[in-house]
Amino acid sequence: MPFLVFLLIVLVSSPCLGQMLDESVDQGLGQVLDESTNQFWKSTDQVRESTDQVWEVGDRRWTVEEERRFEKWVEETITEDFFIRYQIPTDCADVVYAIRWIYARIAHLPAAATTREGRWIGHWSTDWKHLSTHPEWHMDERFRAALRYLLPMTWTGTLPSTPIPFVFLPIRLHRERSFC
């Protein structure tokens, strides 16, 4: 439990979205390696959509308003049995990734993560293109496969190594809520 509290404090003390976007673009951190061409492209400006990717994003981006909708969604949706109900095996560290990715999938927002091996995956990933999609996130085989891959491949130590600021932004915390 103390580790989860530490993680949440780190997330809440992060700079605001605008500051992070400006800094990441200035420092060249807002780039994604296109595995098909081995070239980098700016993730904030040139998101390449593909019908083979995990979910479509289009021009949707994380905003302050979207963060408020995310906060409300977490408050109304995430219950003690949420991960059991949807058969998503998680530990405390996985909760942060899982909740953000599930909401991003529902709202068609960008999401990314760096794995333990340093591989960067996100909504644009095409590794699961052979699987079917569905409008409902919990019935979307492609999304669920990506989530099943993501959770054991990440841990709290990979949070800071994901350079895109839209991945983890602070949300309001409630003392009476515990996910572990």
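In what follows, the structure referred to is the one given above.
Remember, predicted model here, so these are calculated numbers, not experimental data.

A look at the overall build of the chain
Reasoning step 1: Counting secondary structure elements, the chain contains six helices and four strands.
Reasoning step 2: Scanning the chain from its N terminus toward the C terminus, one meets helices and strands in the order α-α-β-β-α-α-α-β-β-α.
Reasoning step 3: By the burial criterion, 43% of the 180 residues in the chain qualify as buried.
Reasoning step 4: Long-range contacts, defined here as pairs at least 24 residues apart, represent 68% of the contacts in the chain between residues at least 6 apart.
Reasoning step 5: Just so you have it, the chain exposes about 10000 Å², and 54% of that area is on carbon and sulfur atoms.

Here's the deal with the pattern of salt bridges
Reasoning step 1: Here the structure, examined in full by the defined rule, presents seven salt bridges.
Reasoning step 2: Of the charged contacts in the structure, one is a salt bridge between R60 and E66, with a shortest N-O distance of 3.0 Å.
Reasoning step 3: Accessibility expressed as a relative area gives 3% for E66, which makes it buried.
Reasoning step 4: Put simply, R100 and E67 hold a salt bridge, and the shortest N to O gap is 2.9 Å. Of this pair, R100 sits in helix α5 (residues 92–107) while E67 sits in helix α3 (residues 64–77), and the two are 33 residues apart along the sequence.
Reasoning step 5: By relative accessible area, which is 2% here, R100 ends up buried.
Reasoning step 6: A single salt-bridge network, built from bridges that share partners, covers R60, E66 and R69.

Examining the packing of aromatic side chains
The geometry of two aromatic rings is summed up by the distance between their centres and the angle between their planes.
Reasoning step 1: If you walk through the whole model with that rule in mind, you get 15 aromatic pairs.
Reasoning step 2: When the ring of W62 is compared with that of Y103, the centres are 5.8 Å apart and the planes differ by 40 degrees; the resulting orientation is tilted. Here W62, found in the loop between β2 (39–42) and α3, pairs with Y103, found in helix α5; they are 41 residues apart in sequence, far enough to count as distant.
Reasoning step 3: Note on Y103: relative accessible area 6%, which makes it buried.

Side note on the packing of α3 against α5
Reasoning step 1: At a closest axis distance of 11 Å, the pairing of α3 and α5 adopts a crossing angle of 115 degrees. Two packed elements cross with a definite hand, and for α3 against α5 that hand is right-handed. Each of E66, E67, R69, F70, W73 and V74 in α3 lies in contact with α5, whose residues at this interface are I99, R100, I102, Y103, I106 and A107.
Reasoning step 2: Grouping the constituent residues of the contact of α3 with α5 by class yields eight nonpolar, no polar and four charged.

The rules we used
Throughout this description, residue numbers start from 1 for each chain and increase along the sequence as written. Residue-level local features of this predicted model are given only where pLDDT is at least 70; pairs of side-chain atoms are given and counted only at 80 or more, and the full residue set underlies all totals for whole chains, interfaces and linings. Excluded from the side-chain calculations are hydrogens and water; all other atoms, namely the structure's heavy atoms, are used. Every helix listed is a DSSP run of H or I at least four residues long, and every strand listed is a run of E at least two residues long, numbered separately from the N terminus. Any residue under 20% of the maximum accessible area for its type is buried, any over 50% is exposed, and the rest in between are partly exposed; the area is computed with a 1.4 Å probe on protein chains only. Contacts are residue-level and defined by heavy atoms, with any inter-residue pair within 4.5 Å sufficient. In this description, accessible areas are obtained by the Shrake-Rupley approach with a 1.4 Å probe, and a residue is regarded as covered only by the protein chains that are shown. The salt bridge definition used is simple: a Lys or Arg side-chain nitrogen within 4 Å of an Asp or Glu carboxyl oxygen. Planes of paired rings set the category: under 30 degrees apart is stacked, over 60 is edge-to-face and the rest tilted, where pairs are Phe, Tyr or Trp rings (Trp by its six-membered ring) whose centres lie within 6.5 Å. To obtain each axis, a line is fitted to C-alpha atoms, and for helices this fit is confined to the stretch in contact; angles are then taken between N-to-C directions over 0 to 180 degrees. Helix crossings get a hand from a simple test, with the near helix turned counterclockwise from the far one by less than a right angle marking a left-handed crossing and a clockwise turn marking a right-handed one. Throughout this entry, Asp, Glu, Lys and Arg are counted as charged residues, while Ala, Val, Leu, Ile, Met, Phe, Trp, Tyr, Cys and Pro are counted as nonpolar. The remaining residues, Gly among them, count as polar.

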